[in-house]
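A look at the structure
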Amino acid sequence: MQSPFVLFLLYRQLFNCLFPRVMWAMEPGHLLWALLFVQPLWPRLTDGATRVYYLGIQDVQWNYAPKGRNVITNQPLDSDTVASNFLKSDKNRIGSSYKKTIYKEYRDGSYMDEMVQPAWLGFLGPVLKAEVGDIILIHLKNFATRPYTIHPHGVFYEKDSEGSLYPDGSSGWLKADDSVPPGGSHIYNWTIPEGHAPTDADPACLTWIYHSHVDAPRDIATGLIGPLITCKRGTLDGNFPPQRQDVDNDFFLLFSVIDENLSWHINENIATYCSDPASVDIEDETFQESNKMHAINGFVFGNLPDLSMCTQKRVAWHLFGMGNEVDVHTAFFHGQMLTIRGHRTDVAHIFPATFVTAEMVPQEPGTWLISCQVNSHLQDGMQALYKIKSCSMTPPMNLLTGKVRQYFIEAHEIQWDYGPMGHDGSTGKNLREPGSGSDKFFQKSSSRIGGTYWKVRYEAFQDETFQEKVQLEEDKHLGILGEESLTCEFN
Ligand SMILES: [Cu+2]
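As annotated in an unreviewed UniProt entry, the protein is Plastocyanin-like domain-containing protein from Balaenoptera physalus.

Written out as structure tokens, the structure reads:
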């Protein structure tokens with residue numbers, strides 16, 4: 001009979017043989033642990049590939065606006081008061097650069113050779129990809145100064161690979177994944193069984209994320225978040241890193257008001273970047289507001305680089321949000337059309353911990369805007385540019401066969417009464433009756449506007465002379481909206 005040590009070596013040999021990218025750095029002294037608890041590490045029987053990732057947690061200095069200006073307005077910070085509120089450092093303002101802690105990918109277990117990431121990925125961790133039936137082995141090493149973890153969405157894991165610290169009754173080996181200390185490491189084993197697979201109605205790859213979950217809100221605000229996709233069988237090629245064969249581009253965008261006040265490094269950032277750190281009041285609302293970065297992948301005011309693609313090519317957009325109640329985002333892709341869950345749209349709805357997979361075949365070349373349409377987010381910098389190039393002579397797909405429909409629309413200044421009946425339709429009370437509830441909106445005085453406002457409305461005319469309005473009885477309910485609804489039909 002073989003000795004336990006020989007069994008261990010044979011076991012390790014077999015493991016390394018099957019999975020050559022796995023470097024199992026276990027000492028013989030840990031033999032007992034290996035034999036007793038090797039089951040959670042040992043990949044389950046699978047018909048797929050084993051995808052090994054070496055991730056290091058590293059501290060970095062991150063600049064939210066490396067171009068030093070508002071790219072959307074092409075204004076330098078000195079002449080852009082809104083952008084400079086967030087981006088200019090001062091005696092009690094941090095400015096555009098912050099210390100952050102992020103996931104980085106390395107070529108092997110030496111953690112010496114860092115994998116190059118596309119610039120548009122910003123501070124997000126590397127894109128992890130796998131197919132149904134695959135095993136993902138994450139070799140996580142913590143090079144930072146606090147305990148962190150990696151916790152995934154969208155894949156199967158057991159208690160030794162969850163990466164979330166909470167009172168789940170687990171202990172010992174099953175707890176090691178819950179908090180990886182500085183200098184420590186852990187191997188996380190995730191799988192994609194059939195029950196986690198994209199359905200027939202889903203796109204080929206689903207959008208997920210991973211993040212640190214010792215203290216999730218603070219870990220994520222510090223920077224520890226990255227994208228993950230799980231794909232149908234046969235979607236990925238055999239290269240490393242794997243590429244999708246069904247699309248030409250895969251882009252990942254995190255829409256989030258990143259609250260640097262929550263970062264583990266807030267005090268260090270004040271000490272490093274404020275010219276008079278003692279003058280900072282961390283409870284001051286305007287100081288806190290200046291640290292809420294309305295970012296896409298950690299870039300603000302159009303600073304996100306290199307989002308470039310070709311007309312007629314298949315593009316997959318993986319959109320996700322994190323954060324709190326302000327993180328309600330409506331991502332508008334100007335100039336192109338998206339397909340989300342089988343429906344056409346040009347706006348994606350993103351909430352915290354919501355993952356949206358959108359498909360696009362760009363039609364029109366040019367530089368186009370991606371912006372969150374929430375007013376304050378748009379104003380405070382949640383915008384990026386994407387470039388569509390014409391890369392081939394393929395004729396456009398849209399050969400139009402319908403009618404030409406012309407509309408003659410005038411922008412017309414009008415006085416608009418919000419309560420033309422003069423009374424509340426549900427109670428019958430006069431809108432200006434004191435104490436009615438409606439009186440605060442309709443009372444008119446030296447200091448109150450009342451219920452009538454100057455507005456500008458689109459109005460439709462019969463022809464280019466703009467003499468005769470189009471007035472349809474069925475359009476009366478449109479109110480302040482344009483009087484004739486613009487409709488198109490498809491053959
Ligand atoms: Cu938004």
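Counting secondary structure elements, the protein contains eight helices and 24 strands. Expressed as a percentage of contacts within the protein between residues at least 6 apart in sequence, the contacts between residues at least 24 apart total 72%.

With that settled, consider the pairing of strand 5 (residues 128–131). Every second residue of strand 5 is oriented toward a common face, with L128 and A130 on one face and K129 and E131 on the other, all of them buried. Relative to strand 11 (residues 225–231), strand 5 is paired through four bridges, and the arrangement is parallel. Its bridge partner lying in strand 11, L128 is registered against L228.

This next bit is on the nonpolar core. With 83 residues, the main nonpolar core has I136, F255, I296 and L319 as its most contacted residues. In terms of residues, this core owes the most to one element, strand 12 (residues 249–259), which gives seven residues. Setting aside residues no more than four positions away along its own chain, L319 makes contact with L253, F255, A331, A348, I350, V356 and A358.

Moving on to the sheet that holds strand 9 (residues 185–191). Spatial ordering of the open sheet is given by 4-1-6-9-8, a layout of five strands whose pairing is mixed. Strands at the two margins of the open sheet, each flanked by one partner only, are strand 4 (97–106) and strand 8 (156–157). Relative to strand 6 (residues 135–142), strand 1 (residues 50–63) runs parallel, the two being bridged by eight bridges. Paired with V52 across the strands is L137, a residue of strand 6.

Our focus in this paragraph is the pairing of strand 13 (residues 292–296). The buried fraction of strand 13 amounts to four of the five residues, a majority that puts the element mostly inside the structure. The sheet contact formed by strand 12 and strand 13 spans five bridges and is antiparallel. Bridge pairing links F255 to I296 in strand 13.

The subject of this paragraph is unusual backbone geometry. Cis geometry marks the peptide bond from F240 to P241, where omega comes out at -5 degrees. Position of P241 among the secondary structure elements: in the loop between strand 11 and strand 12. The phi angle at Y111 is positive, at roughly 55 degrees, despite the residue not being glycine. By secondary structure assignment, the location of Y111 is in the loop between strand 4 and strand 5. Given 18 C-beta atoms within 10 Å, Y111 falls into the partly exposed group. Phi is positive for A353, which is not a glycine, with a value near 55 degrees.

Pairing is mixed in the open sheet, where four strands are placed in the order 5-11-10-7. A single partner strand is all that each edge strand has here, and the edge strands are strand 5 and strand 7 (151–152). The pairing of strand 10 (residues 205–211) with strand 11 spans seven bridges and is antiparallel. Its bridge partner lying in strand 11, T207 is registered against I229.

In this model, the protein carries an average pLDDT of 87, and 88% of its residues clear a pLDDT of 70 or more. When mean pLDDT is compared element by element in the protein, strand 4 scores highest at 98, while helix 1 (residues 4–18) scores lowest at 40. Across residues 1–43, where pLDDT falls below 50, the model places 31 contacts with residues more than four positions away in sequence or in other chains.

Residue placement: K455 occurs in strand 24 (residues 452–461). Taking the C-alpha atoms as reference points, K455 and H412, 43 residues apart in sequence, are found 8.3 Å from one another. Apart from residues no more than four positions distant in its own chain, K455 is found in contact with I414, W416 and I480.

The rules behind each value
- Residues numbered from 1 in each chain as written.
- Predicted model: local features only at pLDDT ≥ 70, side-chain atom pairs only at ≥ 80, totals over all residues.
- Helix = DSSP H or I, 4+ residues; strand = E, 2+ residues; numbered from the N terminus.
- Contact = placed C-beta atoms within 7 Å.
- Buried ≥ 20, exposed ≤ 12 C-beta atoms within 10 Å, placed from the backbone.
- Pairing = 2+ DSSP bridges.
- Core = buried A, V, L, I, M, F, W, Y, C linked by C-beta atoms within 7 Å.
- pLDDT = per-residue confidence, 0-100.

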